[in-house]
Protein chains: 2
Amino acid sequence: MLNILATYDLGAIHGIVNSTPVLHVSFSPDPSDPFPAILPMIGQMGSFDYPSAGIDEPLDCYLHGYVSSRIMNLARSSEGEGLPVCIAATKVDGLILSLTPNSHSYNYRSAVLHGYAKLVTDEQEKLWAMKLITNSVVFDRWDNTRVPPDKAEMSSTVILKVKVVDGSGKIRDGGVSDERKDKDKDEVTGRIWTGVVPVWETFGQPVPSPENRVKEVPEHITSYVARMNKQNRAYAIDAVDVTLPKEEQH
Amino acid sequence: MLNILATYDLGAIHGIVNSTPVLHVSFSPDPSDPFPAILPMIGQMGSFDYPSAGIDEPLDCYLHGYVSSRIMNLARSSEGEGLPVCIAATKVDGLILSLTPNSHSYNYRSAVLHGYAKLVTDEQEKLWAMKLITNSVVFDRWDNTRVPPDKAEMSSTVILKVKVVDGSGKIRDGGVSDERKDKDKDEVTGRIWTGVVPVWETFGQPVPSPENRVKEVPEHITSYVARMNKQNRAYAIDAVDVTLPKEEQH
């Protein structure tokens, strides 16, 4: 069985964005430049005004990254609503190996947002967004670092806030999907293996830096690594067989 | 030690593109639409005219994906050189956990290409590109499927060829990089663990489809899965310590 689900469900879309370590952010750098630009950035959905908003409620997208002065200058000088950007998040969950090249595919989750980007200028909101984004790298990391950032760190950090105007998601899971014309041929099915190779992101053993002076790897890191490894693997394997109820799966 | 290397080396850039399972392709859908669009696509660098060209020589980018009629119609109707696109490939290799949120980062490899996209209309070139892209999902998969594609499959497949006009890459590896002001404070270094969590893409045990009739998972799949798992893991772990010669590493 194969599912390709196009979704406008906010919870699903926001969940894909929040669990993707690098977002791709596209913008038009210059009316005289024919090419759009893409920057890899780190980002999270959230609401500063309604911090208790759920994942399935309207949220803004906060972005941080190796930010070229170009996107910053464009966002700073943009008039009205802000700089129009497109944000994409994609995760590969499996390789779909079927009878013909044409029916090959991936299991995947992808989300795309459109919105207007502005620099965050309010100090409280910036601090809140920095914490949100740092904790997306490793859960609870913020409180386990030297905080708050000092004045120089605050002014050198640039956070973009994207007011989302629309978004969509696509989720492909399940197994192979071949056509009757091939499935009916013994010569074909007798020699071609079909199935799915699950794919997921693995976190390895934390490697202390030469200057690290804390003996044990702290619990907020070890538990995050263990949880993500379990969760990522389970998603990719469960995605293969969407016909079984969850409890019958691996 | 920390390295951030900006590169225009074709071999490095093409290598990042070719080893990234999903590329993000950006284009401007419509002069009246303020937002650029991003599509996740599968792609590979190659040269149909000079098939023996090395990875460090000028190559085209061939793209295939869940292609909206929008990008296809735009590429089909584009005049002159083709539709201007931006292609981005990014891989995360590690989480850099340092003393302050500001010095947190990723080890990563990223590449960006700009170029003009046209539909591939020559049948031989299309077939060649389909094989190139299929074999990028699993090495040698093409010859282990029902090929060649029939007439209906050929005409329903759309391949974009991007003539690259410029490109750049960025590679960050190494460990944490903190500032003297924090490294000199016992109160800070005594309680904050610093180091790197290596990150890599794992391929799981192949799961046969319910309709599969080939008993053993074929060698072209098992050897690919084993090789990629070894290679991806080694890259992420080796990237942490760039000061040691390779043979002293894990």
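Residues numbered from 1 in each chain as written. Chains lettered and ligands numbered in written order. Predicted model: local features only at pLDDT ≥ 70, side-chain atom pairs only at ≥ 80, totals over all residues. Heavy atoms only, no water.

With an unreviewed UniProt entry as reference, chain A is termed Flavin-nucleotide-binding protein, source organism Byssochlamys spectabilis.

Draft legend 1. Just the overall build of chain A, in detail. A count of helices and strands for chain A gives seven helices and nine strands. Considered along the principal axes of its C-alpha atoms, chain A spans approximately 70 × 55 × 35 Å. Taking as baseline every contact in chain A between residues at least 6 positions apart, the subset at least 24 positions apart corresponds to 74%. As presented, chain A carries roughly 11400 Å² of accessible surface, and 53% of it is formed by carbon and sulfur atoms. Across chain A, the mean location of the 25 positive side-chain charges is 4 Å away from that of the 33 negative side-chain charges. (Helix = DSSP H or I, 4+ residues; strand = E, 2+ residues; numbered from the N terminus. Contact = heavy atoms within 4.5 Å. Areas by Shrake-Rupley, 256 points an atom, 1.4 Å probe, with all protein chains shown as cover. Lys, Arg positive; Asp, Glu negative; His and termini not counted. Charge placed at Lys NZ, Arg CZ, Asp CG, Glu CD.)

Draft legend 2. Examining the relation of the copies chain A and chain B more closely. You can overlay chain A on chain B at an RMSD of 0.0 Å; the transform is a turn of 180 degrees with a shift of 0.0 Å along its axis. The superposition operator between the copies reduces to a two-fold rotation axis. The position closest to the rotation axis in chain A is occupied by the C-alpha of Glu201 of chain A, lying 2.3 Å away. A high fraction, 99%, of the interface residues of chain A reappear at the interface in chain B, so the copies pair face to face through one surface. (Least-squares fit on C-alpha atoms with pLDDT ≥ 70 in both.)

Draft legend 3. Local environment of the packing of aromatic side chains. All names here are of chain A. Applying the stated criterion to the full structure yields eight aromatic pairs over all chains. An aromatic cluster is present here, built from Phe48, Tyr62 and Trp128 joined pairwise through their rings. Above the ring of Phe139, the side-chain terminus of Arg227 is found at 5.5 Å from the ring centroid. (Phe/Tyr/Trp six-rings, centres within 6.5 Å; stacked < 30°, edge-to-face > 60°. Lys NZ or Arg CZ within 6 Å of the ring centre and 35° of its normal.)

Draft legend 4. Summary view of the side chain of Asp60 of chain B. Residues and elements named next belong to chain B. Looking at where Asp60 falls in the secondary structure, it is placed in strand S4 (residues 60–65). Given a relative accessible area of 10%, Asp60 falls into the buried group. Not counting chain neighbours up to four residues away, the residues in contact with Asp60 comprise Gln44, Met45, Gly46, Lys161, Val162 and Lys163. (Buried < 20%, exposed > 50% of the residue type's maximum accessible area, 1.4 Å probe, protein only.)

Draft legend 5. Inspection of the environment of Gln44 of chain A at higher detail. Residue and element names in this part refer to chain A. Take Gln44: it is sitting in strand S3 (residues 37–46). Separated by 19 residues in the primary sequence, Gln44 and Leu63 have C-alpha atoms spaced 6.8 Å apart. If sequence neighbours within four positions are ignored, Gln44 has contacts with Val17, Asn18, Asp60, Cys61, Tyr62, Leu132, Ile133 and Ser136. Within the structure, Gln44 has its side chain in polar contact with the backbone oxygen of Asn18 (distance 3.0 Å). (Polar contact = N/O pair within 3.5 Å; in protein donor to acceptor, adjacent residues only side chain to side chain.)

Draft legend 6. View of helix H1 (residues 10–18) of chain A. Among all positions in H1 of chain A, only Gly11, Ile13, His14, Ile16 and Val17 of chain A are buried. The inward-facing, buried residues of H1 of chain A abut strand S1 (2–7), strand S2 (23–27), S3, strand S5 (83–97), strand S6 (105–119) and strand S7 (160–174) of chain A.

Draft legend 7. How the structure looks around the pairing of strand S3 (residues 37–46) of chain B. Residue and element names in this part refer to chain B. Extensive coverage of S3 is indicated by the burial of nine of its ten residues. Where strand S2 (residues 23–27) meets S3, five bridges bridge the pair, whose relative direction is antiparallel. Following the sheet pairing, Val25 is matched in S3 by Leu39. (Pairing = 2+ DSSP bridges.)

Draft legend 8. The interface of chain A and chain B, seen in detail. Of the residues lining the interface, 91 residues belong to chain A; the matching set on chain B comes to 90 residues. Summed over both partners, the interface of chain A with chain B buries about 7700 Å², with 63% contributed by carbon and sulfur atoms. At the surface where chain A touches chain B, the tally comes to ten salt bridges. For Asp150 of chain B, the salt bridge is made with Lys181 of chain A, and the minimal N-O distance between the two is 2.7 Å. Where chain A packs against chain B, one counts 43 residue pairs in polar contact (both at pLDDT 80 or more). With nine residues, the single largest contributor to the side of chain A that touches chain B is strand S8 (residues 195–203) of chain A. The residue makeup of the side of chain A that touches chain B, split by class, is 51 nonpolar, 26 polar and 14 charged. The pairing of S8 of chain A with strand S9 (residues 207–208) of chain B spans two bridges and is antiparallel. Bridge assignment links Val196 of chain A to a residue of S9 of chain B, and that residue is Val207 of chain B. (Buried area = accessible area lost by both parts, 1.4 Å probe. Salt bridge = Lys/Arg side-chain N within 4 Å of Asp/Glu carboxyl O. Nonpolar A, V, L, I, M, F, W, Y, C, P; charged D, E, K, R; others polar.)

Draft legend 9. Spatial organisation of the pattern of salt bridges. One pass over the full model with this rule turns up 24 salt bridges over all chains. Two residues, Glu211 of chain A and Lys183 of chain B, come together in a salt bridge whose shortest N-O distance is 3.4 Å. On the criterion of chain membership, the pair formed by Glu211 of chain A in the loop between strand S9 (207–208) and helix H7 (219–240) and Lys183 of chain B in helix H5 (residues 180–183) is interchain, its members lying in two chains. The residue Asp60 of chain B makes a salt bridge to Lys163 of chain B at a minimum N-O spacing of 3.6 Å. You can see Asp60 of chain B sitting in strand S4 and its partner Lys163 of chain B sitting in strand S7 (residues 160–174), a full 103 residues away along the chain. Salt bridges here are not isolated pairs; linked through shared partners, they connect Arg146, Asp150 and Glu153 of chain A together with Lys181 and Asp182 of chain B.

Draft legend 10. Region of the structure containing the state of the cysteines. Residue and element names in this part refer to chain B. Tallied over the entire structure, the rule returns zero disulfides over all chains. Here Cys61 stays free of any disulfide, with the sulfur of Cys86 as its closest cysteine sulfur at 11 Å. Residue Cys86 is classed as buried on the basis of its relative accessible area of 0%. (Disulfide = S-S within 2.5 Å.)

Draft legend 11. A look at unusual backbone geometry. Omega for the bond connecting Val147 of chain A with Pro148 of chain A falls within 30 degrees of zero, at 0 degrees, which places this linkage in the cis form. Within the element layout of this structure, Pro148 of chain A appears in the loop between helix H3 (123–137) and helix H4 (151–156). Not every positive phi belongs to a glycine, and Asp140 of chain B is a case in point at roughly 70 degrees. Position of Asp140 of chain B relative to the elements: it lies in the loop between helix H3 (123–137) and helix H4 (151–156).

Draft legend 12. View of the confidence of the model for chain A. All names here are of chain A. Summing up the model confidence of chain A, the mean pLDDT is 93 and the portion of residues at 70 or higher is 95%. pLDDT under 50 marks residues 244–250. Its contacts with residues more than four places away, or in other chains, come to seven contacts. With pTM at 0.95, the complex prediction returns an ipTM value of 0.94. (pLDDT = per-residue confidence, 0-100.)

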